[in-house]
Amino acid sequence: MYRIVGCATIIIQLLFSCGKKDAVSTAPSLPRPVKVVKVEALGSINRQYTGVVEATEFSVLAFRLPGTLKEMNVQTGQKVKKDQIIARLKPIDYQLQYETAQTNYQTAKSIYERTKRLLAANATAVQNLEIAEADYIRAASALNMSRRTLDYTILKAPFSGFIEQKYVDNFEEVQAGKAIVKLVNPEEVEIHFTLPEAGIPLLHIPCKIFVEFDSQGGKLFSAGIKEYIYASDGSGIPITLEITDDQFAPYRKNVFPGFSCKVTWVIDNMIAEKFIIPASALQTINGKEYVWLIEPSGFARRHQIQTSRLDGRILVESGLNSHDIIATAGLSSIREGQLVSMVQE
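Everything quoted here is computed from the prediction, not taken from an experiment. (Residues numbered from 1 in each chain as written. Predicted model: local features only at pLDDT ≥ 70, side-chain atom pairs only at ≥ 80, totals over all residues. Heavy atoms only, no water.)

## Some words on the overall build of the protein
Moving on, step 1. What the protein contains, in helices and strands, is three helices and 21 strands.
Moving on, step 2. Within the protein, the proportion of its 345 residues that are buried is 34%.
Moving on, step 3. In the protein, 73% of the contacts between residues at least 6 apart in sequence involve partners at least 24 apart.
Moving on, step 4. About 20,800 Å² of surface is accessible on the protein, with carbon and sulfur atoms providing 53% of the total. (Helix = DSSP H or I, 4+ residues; strand = E, 2+ residues; numbered from the N terminus. Buried < 20%, exposed > 50% of the residue type's maximum accessible area, 1.4 Å probe, protein only. Contact = heavy atoms within 4.5 Å. Areas by Shrake-Rupley, 256 points an atom, 1.4 Å probe, with all protein chains shown as cover.)

See below:
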């Protein structure tokens, strides 16, 4: 009797435990809590840099010959006209060369003409005339070269402008090619400034650029990028701007090369459809970048995007839209198609 009751009790316990396991296995899984954030618009970016006005046309003048400065006829800031004499070298040695070449030329010319007369009178051979002609040609060439060399002792302005910088003083010994003065044409100007390396992404985002001159405080003129060069020494990116504002013309006469200015770089959502996301939301797999996009239904989907960096933030170039919701934590634990419970940060 007791054995029958004991066996029945065991059977009932086994049946009860099996039923409990079935109840657990058939219960629906709960959504996984995941921290999320809504994709934010880039917002307004306003950067300011210090620039300097430079002449579009300028020339660093130098002598083609070495020598001693005899005359320095200009000062820094002085206006000069085209072909005005800037400086002279002492021409003594070059003058002697020219005078020697001139004497040789006169001698060769005289011999050549006399030989022609002798040949006409059958008093000399044709060969002698050919020799005299060759000597005459060489002497004429040497004379022309020595005349140009003597002219090189005079430094002239190739165009009208003003002396922005003077590099040497009178009576100094100068070598060929050594800078003497910098001549600029103030009629056309451009703006030079350096963009830090951290600002490289700004070059690839639509923007507005304004220039404010110290001499025209409070007045902003629109400008555009003329050219830029990637520097390899880490010093930044030299950028050249040109003023594109039609309102600049009346103020142009008061802006000169060497003036400082303020460059304002503006980006807003009206001109740049970019978004920023937290660094914690980005997942890199095999060199490609992804985020976990949370659909309105609550299911997670891995989504590839294109990004760049700007001021330590992740700038989304493509792949997301405004008001998209993405996961920001526990990315390695999320599975494709997994139902999640969104927890706003």
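## What to know about the pairing of strand E12 (residues 220-228)
Moving on, step 1. Across four bridges, the pairing between strand E11 (residues 208-213) and E12 is antiparallel. Among the inter-strand pairings, Ile 209 is bridged to a residue of E12, identified as Ala 223.
Moving on, step 2. Inspection of the sheet shows E12 paired to strand E13 (residues 237-243) by five bridges, in the antiparallel sense. Bridged to Tyr 228 within E13 is Ile 239. (Pairing = 2+ DSSP bridges.)

## Section: the sheet that holds strand E6 (residues 85-89)
Moving on, step 1. Reading across the sheet, the four strands line up as E7-E6-E4-E9 and stay open at both edges, with antiparallel pairing between neighbours. Only two strands of the sheet have a single neighbouring strand rather than two, namely strand E7 (154-156) and strand E9 (173-174).
Moving on, step 2. Here strand E4 (residues 67-72) pairs with E9 via two bridges, running antiparallel. Of the residues in E9, the one forming a bridge with Thr 68 is Glu 173.

## Topic: the nonpolar core
Moving on, step 1. Ile 191, Phe 213, Leu 241 and Trp 265 are the most contacted members of the largest nonpolar core, which totals 28 residues.
Moving on, step 2. Among the elements of the structure, strand E3 (45-62), strand E10 (179-195), E11, E12, E13 and strand E14 (260-267) are those that each provide at least two residues to this core.
Moving on, step 3. Once residues within four sequence positions are removed from consideration, Leu 241 is found in contact with Glu 190, Ile 191, Phe 193, Ile 209, Val 211, Ala 223, Gly 224, Ile 225, Lys 226 and Val 263.
Moving on, step 4. By size, the runner-up hydrophobic cluster in this structure holds 27 residues, among which are Ala 108, Leu 155, Val 174 and Leu 183. (Core = buried A, V, L, I, M, F, W, Y, C linked by side-chain atoms within 4.5 Å.)

## Comments concerning the packing of aromatic side chains
Moving on, step 1. Counting across every chain of the model gives 10 aromatic pairs.
Moving on, step 2. With a centroid separation of 5.2 Å and an interplanar angle of 75°, the aromatic rings of Phe 221 and Phe 248 are classed as edge-to-face. Of the two residues, Phe 221 is situated in strand E12 and Phe 248 in the loop between E13 and E14; the sequence distance between them amounts to 27 residues.
Moving on, step 3. A relative accessible area of 0% places Phe 221 in the buried class. (Phe/Tyr/Trp six-rings, centres within 6.5 Å; stacked < 30°, edge-to-face > 60°.)

## Structural notes on the side chain of Asp 245
Moving on, step 1. Mapping Asp 245 onto the fold places it in the loop between E13 and E14.
Moving on, step 2. No salt bridge is formed by the buried Asp 245, whose closest oppositely charged neighbour, Lys 219, lies at an N-O distance of 6.5 Å.
Moving on, step 3. A polar atom in the side chain of Asp 245 sits 3.2 Å from the backbone nitrogen of Ser 222.
Moving on, step 4. Among residues more than four places away in sequence, those in contact with Asp 245 are Leu 220, Phe 221 and Ser 222. (Lys, Arg positive; Asp, Glu negative; His and termini not counted. Salt bridge = Lys/Arg side-chain N within 4 Å of Asp/Glu carboxyl O. Polar contact = N/O pair within 3.5 Å; in protein donor to acceptor, adjacent residues only side chain to side chain.)

## Focus: the layout of surface pockets
Unoccupied space between atoms shows up once a probe the size of one water molecule is rolled over them.
Moving on, step 1. Here the largest pocket defines a volume of roughly 220 Å³.
Moving on, step 2. Taken together, Gly 77, Lys 79, Val 80, Ser 160, Gly 161, Phe 162, Pro 186, Glu 187, Arg 252, Lys 253 and Phe 256 make up the lining of the largest pocket.
Moving on, step 3. There is about 180 Å³ of room inside the second largest pocket.
Moving on, step 4. The wall of the second largest pocket is formed by Leu 61, Ala 62, Phe 63, Arg 64, Asp 83, Tyr 152, Ile 154, Leu 155 and Lys 156.
Moving on, step 5. Ranked by the residues each element gives to the lining of the second largest pocket, the list is headed by E7, at three residues.
Moving on, step 6. In terms of residue class, the lining of the second largest pocket is built from six nonpolar, no polar and three charged. (1 Å grid on protein atoms, 1.4 Å probe; cavity = no way out; pocket = protein on both sides within 12 Å on 5 of 7 lines; lining within 4 Å. Points joined across faces, edges and corners; volume = space filled by probe spheres on them. Nonpolar A, V, L, I, M, F, W, Y, C, P; charged D, E, K, R; others polar.)

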